[in-house]
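# Structure assessment
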Amino acid sequence: MTKKFKHSSESAVILSQLMLPSHSNFGGKIHGGFILSLLDQVAFACASKHSENYCVTASVDRVDFLNPVEVGELLTLKSTINYVGRTSMVVGIRVESEHIHDGTKKHCNSSYFTMVAKDKNGKSAEVPGLKLESEDDYRRFIKNIKRMENRSRHDEIFSNFKFDKKEYQSVLKQHNVIMK
């Protein structure tokens with residue numbers, strides 16, 4: 001059987017939703033948890049289209065809320081497959097809000113969701129490879145390799161981390177803490 005390959009455009013998903021008062025927090029801005037839910041939904045849709053299987057969220061790499069989202073704005077989430085492994089995919093998602101009256105757009109968030117394809121029995125399923133055509137395709141793929149390398153280094157550092165409170169007293173004094 002020949003290995004199947006797809007371009008990210010074949011599974012890209014764009015989701016737009018009007019932000020309503022019911023989505024807001026006590027400060028009148030759209031609740032971050034609501035946006036996280038939309039991120040997970042669009043990551044699922046994109047990964048499922050690429051893999052042609054049900055997918056689950058394995059991890060989320062950084063969610064930085066760059067700008068607040070206001071009630072009445074149109075929120076648009078643009079997702080693409082940036083990287084594929086054997087059974088996993090990294091979905092890159094860009095979130096923008098648009099002011100309905102004047103068309104002003106704000107970049108609100110960029111996130112990376114690692115999704116794993118599952119077969120009908122709940123076992124991890126192989127995913128199609130990724131066709132790299134444009135500079136953006138190559139850049140996104142390589143950036144994900146670098147992100148995974150950094151995560152591996154981070155995991156290695158902290159798996160061997162030996163904590164000695166006395167050793168870190170001078171570091172802690174530089175922070176907003178009181179030591180007892």
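Residues numbered from 1 in each chain as written. Predicted model: local features only at pLDDT ≥ 70, side-chain atom pairs only at ≥ 80, totals over all residues. Heavy atoms only, no water.

- An unreviewed UniProt entry annotates the protein as Acyl-CoA thioesterase of Psychroflexus longus.
- Recorded under Sequence similarities (unreviewed entry), the UniProt text for the protein is reproduced unchanged: "Belongs to the acyl coenzyme A hydrolase family." (UniProt positions renumbered as here; feature names shortened; annotations may be inferred.)

## So, the overall build of the protein
- Looking only at helices and strands, the protein has three helices and seven strands in total.
- Against the globule reference of 16 Å for 180 residues, the protein gives a C-alpha radius of gyration of 20 Å, more extended than a compact globule.
- Oriented by its inertia axes, the alpha-carbon framework of the protein measures out at about 60 × 50 × 35 Å.
- The buried share among the 180 residues of the protein stands at 32%.
- Sequence-distant contacts, at least 24 apart, represent 70% of the contacts inside the protein between residues at least 6 apart.
- Roughly 11500 Å² of accessible area belongs to the protein as shown, and the carbon and sulfur atoms make up 54% of that amount. (Helix = DSSP H or I, 4+ residues; strand = E, 2+ residues; numbered from the N terminus. Rg over C-alpha atoms; globule rule 2.2 N^0.38 Å. Buried < 20%, exposed > 50% of the residue type's maximum accessible area, 1.4 Å probe, protein only. Contact = heavy atoms within 4.5 Å. Areas by Shrake-Rupley, 256 points an atom, 1.4 Å probe, with all protein chains shown as cover.)

## Examining the layout of surface pockets
- Considering only enclosed or pocket space, the largest pocket measures out at about 290 Å³ in volume.
- Taken together, 18 residues form the lining of the largest pocket, with T80, G92, I93, R94 and R140 sitting closest to its centre.
- Listing elements by their share of the lining of the largest pocket, those giving two or more residues are strand 2 (13-18), strand 4 (74-84), strand 5 (88-98), strand 6 (105-118) and helix 2 (135-159).
- Among the elements that take part in the lining of the largest pocket, helix 2 stands out by supplying five residues, more than any other. (1 Å grid on protein atoms, 1.4 Å probe; cavity = no way out; pocket = protein on both sides within 12 Å on 5 of 7 lines; lining within 4 Å. Points joined across faces, edges and corners; volume = space filled by probe spheres on them.)

## Re the sheet that holds strand 3 (residues 54-63)
- Spatially, 2-4-5-6-3 is the arrangement adopted by the five strands of the open sheet, whose pairing is antiparallel. Two strands lie at the open edges of the sheet, namely strand 2 and strand 3, each paired on one side alone. Here the strands of the sheet are splayed against their neighbours by 25° on average, with no regard to which way each runs.
- Lying over the sheet, helix 1 (residues 32-51) contacts strand 2, strand 3, strand 4, strand 5 and strand 6, oriented at roughly 45° with respect to strand 4.
- With respect to the sheet, helix 2 is in contact with strand 3, strand 4, strand 5 and strand 6, its orientation differing from that of strand 4 by roughly 80°. (Pairing = 2+ DSSP bridges. Axes fitted to C-alpha atoms, helices over the stretch in contact; angles between N-to-C directions.)

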